[in-house]
Amino acid sequence: MQSAPHPCPSCGQLGMSIFYEVENVPVNSVLLVSSRQEAIDFQRGDIRLAVCPACGFIANIAFDETLTQYSARYEATQGYSPTFNKFHRALAQELIDRYDLRGKDVIEIGCDKGDFITMLAEMGDNHGVGFDPAYVPGRHPSPAADRLTFIADFYGEKYTDYHADFICCKMTLEHIPNVGEFIATIRRSIGERPDTVVFFQIPNARYVLCDVAFWDIYYEHCSYFTKGSLARLFRQAGFEVRDLWTAYDDQYLMIEARPGSVPSPSGRGSTAEAGEQGSGGAGEKELLGEESAAETLEMVRYFVEHYEANRTQWRTRLVDWRATARRVVLWGGGSKGVAFLTTLGQSRDDIAYAVDINPIKHGTFMAGTGQEIIAPESLKTYRPDVVIIMNPVYRAEVTADLTALGLTPEIHTL
Ligand SMILES: [Zn+2]
């Protein structure tokens, strides 16, 4: 593997190795794009993933922050899926019970349209402050509205005067290039408040690497963690890691941290500090040990060895379907779909449409390849032969939706 000249954004060590490159991918895959031409002409950037041998952190070292856009046009919600909503609600209830979040102050960094912090406020009678430049006022009218404040901006140094009993940050850290600095900022904002609970949820890089899920690698995600590298980052910033677990078919990685008194500069330690942990709750929770940096390098090698074969297998399928004039659609008009299409270099000749249950996306286009995003009902007219579901976790839900439409296409999941 080629070595990168950059210091690791997580631990600061030199010697990161580049292991995966894709050029000219759309720099944003969930921005609402209103015409096919705009989708095809979409601003491009490169992906060059490198792994740090010291801490196991993985970064897109070609990432250019100035190319990404988080605005009201950023439409990443999964809130239209019953499967996702069930998970999300169970997670909110679990956090409320676990940390006794009742009548407390809660901060959510990267709250998107405010779904989750609204749930925490409603279900636990909490006060909430949500930060996100993609926040859209009025999307979720709530009986708890008078206890909620939204700041349509990135969280950063200027907001460190906001304090809370519970700081939550879901599906955001992977969008942040300078992760070391970001976690240190949060640690500084907490100061001497030892009871503050910090909870993060991010995509699980172990799943991406071991499932060779190249569709989970896209431009907006510039930072990738395993349990081990995530725990090392938090310890280095002066947190004590209390728990690490996975959920949503192991696709998500969760961490509970509390401010620690002695920051550990090397972030050493290879076992989870988690002791007590109830069973059940949101998703398939289980406690696993932290991967060492060497173990992460092994997973990276596995990904590198299998990635090309996996990509070729999908290309062959698409060529076969085209040769037999099969009508193929993707189910899922989000980031995974865009990454799948652009990484395979697909065109509209192979896959005509992307289907999405989010009505806000209907009539918009997939960045990069330009497929129109249509409503499930439109499939009654198009009658696809093959549906490729972008996330296996939605297989049952999508199959039921197709059956309800009177359709029985061949179903594939990534
Ligand atoms: Zn590192």
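Structure report, in brief. Predicted model only: the values in this text are computed from it and were never measured.

1. Here we look at the overall build of the chain
- Regarding its fold elements, the chain presents 10 helices and 17 strands.
- In terms of C-alpha radius of gyration, the chain reaches 21 Å, essentially the compact-globule figure of 22 Å for 414 residues.
- Along the first, second and third principal axes, the C-alpha set of the chain runs to 65 × 55 × 40 Å.
- Counting across all 414 residues of the chain, residues that qualify as buried make up 58%.
- Contacts in the chain between residues at least 24 apart in sequence constitute 68% of all its contacts with a sequence separation of at least 6.
- As displayed, the chain offers around 16700 Å² of accessible surface, 49% of which is attributable to carbon and sulfur atoms.
- Of note, the chain has its 38 positive side-chain charges centred 3 Å away from the centre of its 55 negative side-chain charges.

2. Side note on the coordination of the zinc ion
- Distances from the zinc ion to its protein donors, namely C8 (SG), C11 (SG), C52 (SG) and C55 (SG), fall within the range 2.3 to 2.4 Å.
- For the zinc ion, the 4 donor atoms are set out with angles of 104 to 114 degrees between them, so the coordination reads as tetrahedral.
- Mapped onto the polypeptide sequence, the residues donating to the zinc ion form the spacing pattern C-x2-C-x40-C-x2-C. On the criterion of sequence distance, the pair formed by C8 in the loop between β1 (2–3) and β2 (17–26) and C55 in the loop between β3 (44–51) and β4 (58–60) is long-range, its members being 47 residues apart.
- When its relative accessible area of 3% is taken as the criterion, C8 is described as buried.
- Residue classification places C55 among the buried positions, given a relative accessible area of 4%.

3. So, the sheet that holds β4
- Pairing in this open sheet of 5 strands is antiparallel, and the strands run β1-β2-β3-β4-β10 from one edge to the other. Either end of the sheet is taken by a strand with one partner, and the two such strands are β1 and β10 (223–224).
- Bridge count for β4 against β10 is 2 bridges, and the pairing is antiparallel. In the strand pairing of β10, I58 is matched with Y224.

4. A closer look at the packing of aromatic side chains
- Across all of its chains, the model carries 28 aromatic pairs by this definition.
- Aromatic side chains F200 and F234 sit 5.1 Å apart centroid to centroid with 80 degrees between the ring planes, which places their arrangement in the edge-to-face category. Of this pair, F200 sits in strand β9 (residues 197–203) while F234 sits in helix α6 (residues 227–236), and the two are 34 residues apart along the sequence. Here the two residues F200 and F234 agree in accessibility, since each one is buried.

5. Considerations on the pattern of salt bridges
- If you walk through the whole model with that rule in mind, you get 18 salt bridges.
- Between E256 and R98 there is a salt bridge whose closest N-O contact spans 3.6 Å. One end of the pair, E256, is in strand β12 (residues 252–259); the other, R98, is in helix α2 (residues 82–98), with 158 residues separating them in the sequence.
- With a relative accessible area of 5%, E256 lands in the buried category.
- Each of R98, D243, E256 and R258 takes part in salt bridges that share partners, so that together they form one network.

Thresholds applied
Residues numbered from 1 in each chain as written. Predicted model: local features only at pLDDT ≥ 70, side-chain atom pairs only at ≥ 80, totals over all residues. Heavy atoms only, no water. Helix = DSSP H or I, 4+ residues; strand = E, 2+ residues; numbered from the N terminus. Rg over C-alpha atoms; globule rule 2.2 N^0.38 Å. Buried < 20%, exposed > 50% of the residue type's maximum accessible area, 1.4 Å probe, protein only. Contact = heavy atoms within 4.5 Å. Areas by Shrake-Rupley, 256 points an atom, 1.4 Å probe, with all protein chains shown as cover. Lys, Arg positive; Asp, Glu negative; His and termini not counted. Charge placed at Lys NZ, Arg CZ, Asp CG, Glu CD. Donors = N, O, S within 2.8 Å, 3.2 Å for Na, K, Ca; no water. Tetrahedral: all angles 85-135°; square planar, octahedral: opposite > 155°, others 65-115°. Pairing = 2+ DSSP bridges. Phe/Tyr/Trp six-rings, centres within 6.5 Å; stacked < 30°, edge-to-face > 60°. Salt bridge = Lys/Arg side-chain N within 4 Å of Asp/Glu carboxyl O.

Don't take any of this as a statement about function, it's just geometry.
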